[in-house]
Amino acid sequence: RDDLVTGVQTCALPISLLDLLFKSECSLCGRDSREPICDRCRPNLERLAHRNRERLWRLSPPTFVWGQYRGDLKRAIAAMKYSNRPQIGEYLGTRLGRAWMASAQRRKVGQVIVVPLPMHPKKRRDRGFDQAEEIARGFCEVTGAPLVERGLERVRATRALFDLSPDERRRELARAFRVGPDRERLIQLDRPILLVDDILTTGATAKAGKAALDAARLPVAGLAAIATTAQ
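Attention in this report is confined to the structure presented alongside it. Nothing here was measured: the structure is a model prediction, and the numbers come from that model. (Residues numbered from 1 in each chain as written. Predicted model: local features only at pLDDT ≥ 70, side-chain atom pairs only at ≥ 80, totals over all residues. Heavy atoms only, no water.)

Observations concerning the overall build of the chain
Across its full length, the chain carries 11 helices and six strands. In the chain, which comprises 231 residues, the share counted as buried stands at 47%. Within the chain, counting contacts between residues at least 6 apart in sequence, those at least 24 apart form 70% of the total. About 12,500 Å² of surface is accessible on the chain, with carbon and sulfur atoms providing 49% of the total. (Helix = DSSP H or I, 4+ residues; strand = E, 2+ residues; numbered from the N terminus. Buried < 20%, exposed > 50% of the residue type's maximum accessible area, 1.4 Å probe, protein only. Contact = heavy atoms within 4.5 Å. Areas by Shrake-Rupley, 256 points an atom, 1.4 Å probe, with all protein chains shown as cover.)

Below is the structure:
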């Protein structure tokens, strides 16, 4: 029809064509789904929500997580990182954001600035996206917190950390981060910083990012992550 206000001609697409244009599949079961995780798989994911968030907030740095790193949540994170599915990161970020908004930790901390713990630029180019940034984007969509994507930058490429001891991780990550080009925005916003990452294991990556911000006298409230290996 002709729009009487704008004069632009528009038409309604058939439902079948819309389904074709927006067709996607569940990252866990492969069924057709407009969301990265379908309605059938979502309950399995929800059952992995972490039950001991208060204890994790007593870690250093204080840590808030959404779920346990096993089962379908582990599979979803792997699909995001290794099967080129950045939309899973944003989806999981919304789950993290909703949990944060309902938490006692959020009430204690108040308003925050969100800063993702970044990948090294070469690794980001190889992968095509930064998973922490995608998670942070979904988190901020739900919480309304400002996202400062370049609050930190990774200046030192590190080895894979999963098979290193805690001490080896700390040594590997020493001086891996520095405050990024958005430092002035962090100062102007004048709120505590909530770091965001995908997985918490030993906490060494978060500690290294916090150390860079501490050196610049920028306060860090803690870390928010999708999953943890801690019980």
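Here we look at the packing of helix 5 (residues 86–101) against helix 8 (residues 131–143)
It is at 6 Å that the axes of helix 5 and helix 8 come closest, and there the two elements cross at 40°. With respect to helix 8, the element helix 5 is oriented oblique. In this structure, the crossing between helix 5 and helix 8 has a hand that is right-handed. Along the contact surface, helix 5 presents P86, G89, E90, G93, T94, L96, G97, R98, W100 and M101, while helix 8 presents E134, I135, R137, G138, F139, E141, V142 and T143. Looking at the contact of helix 5 with helix 8, its residues break down into seven nonpolar, six polar and five charged. (Axes fitted to C-alpha atoms, helices over the stretch in contact; angles between N-to-C directions. Parallel < 35°, antiparallel > 145°, perpendicular 65-115°, else oblique. Left-handed = near helix turned anticlockwise from the far one by under 90°. Nonpolar A, V, L, I, M, F, W, Y, C, P; charged D, E, K, R; others polar.)

Quick word on the packing of aromatic side chains
The description of two aromatic rings rests on the distance between their centres and on the angle between their planes. Scanning all chains against the criterion turns up three aromatic pairs. Taking 5.9 Å as the distance between ring centres and 50° as the angle between the ring planes, the aromatic pair formed by W57 and W100 counts as tilted. In this pair, W57 is assigned in the loop between helix 3 (53–56) and strand 1 (63–68) and W100 in helix 5, connecting sequence segments 43 residues apart. Summarising the burial analysis for this pair, W57 and W100 share the class buried. Ring centres 5.3 Å apart and planes at 80° place the aromatic pair F64 and W100 in the edge-to-face group. Remark: W100 occurs in helix 5 and F64 occurs in strand 1; sequence separation between them is 36 residues. Overall, F64 belongs to the buried group, its relative accessible area being 0%. Clustering of aromatic rings is evident, with ring pairs tying together W57, F64, W100 and F139. (Phe/Tyr/Trp six-rings, centres within 6.5 Å; stacked < 30°, edge-to-face > 60°.)

Regarding the layout of surface pockets
In this structure, the second largest pocket encloses a volume near 260 Å³. Around the second largest pocket sit 14 residues that line it, and P118, R124, R150, L152 and E153 are the ones nearest its centre. Looking at the lining of the second largest pocket, the elements with two or more residues in it are helix 7 (121–127) and strand 3 (152–154). For the lining of the second largest pocket, the class distribution of residues is six nonpolar, no polar and eight charged. (1 Å grid on protein atoms, 1.4 Å probe; cavity = no way out; pocket = protein on both sides within 12 Å on 5 of 7 lines; lining within 4 Å. Points joined across faces, edges and corners; volume = space filled by probe spheres on them.)

With respect to the side chain of D72
Following the sequence through the fold, D72 ends up in helix 4 (residues 71–82). Side chain to side chain, D72 and R75 meet in a polar contact 2.9 Å long. Discounting residues that sit within four places of it in the chain, D72 has contacts with L28, N44, L45 and L48. (Polar contact = N/O pair within 3.5 Å; in protein donor to acceptor, adjacent residues only side chain to side chain.)

Overview of the packing of helix 4 against helix 5
Two numbers describe how helix 4 lies on helix 5: the axes approach to 7 Å, and their chain directions differ by 135°. Classified by the angle between their axes, helix 4 and helix 5 sit oblique to one another. Contacts between helix 4 and helix 5 pair L73, A76, I77, A79 and M80 from the former with P86, I88, G89 and L92 from the latter. Looking at the contact of helix 4 with helix 5 residue by residue, the class counts come to eight nonpolar, one polar and no charged.

Remarks on the pattern of salt bridges
Within the structure shown, the criterion is met by 13 salt bridges. The salt bridge involving R42 is made with D39; its shortest N-O contact spans 2.7 Å. Residue classification places D39 among the exposed positions, given a relative accessible area of 59%. Across the salt bridge formed by K81 and D198, the nearest N and O atoms sit 3.2 Å from each other. (Salt bridge = Lys/Arg side-chain N within 4 Å of Asp/Glu carboxyl O.)

Structural notes on the environment of A136
Relative to the helices and strands, A136 is located in helix 8. As a C-alpha pair, A136 and L147 span 11 residues in sequence and 7.2 Å in three-dimensional space. Non-local contacts of A136, meaning those with residues more than four positions away in its chain, are made with V114, P116, L147 and V196.

No statement about biological role is implied by the geometric values presented.
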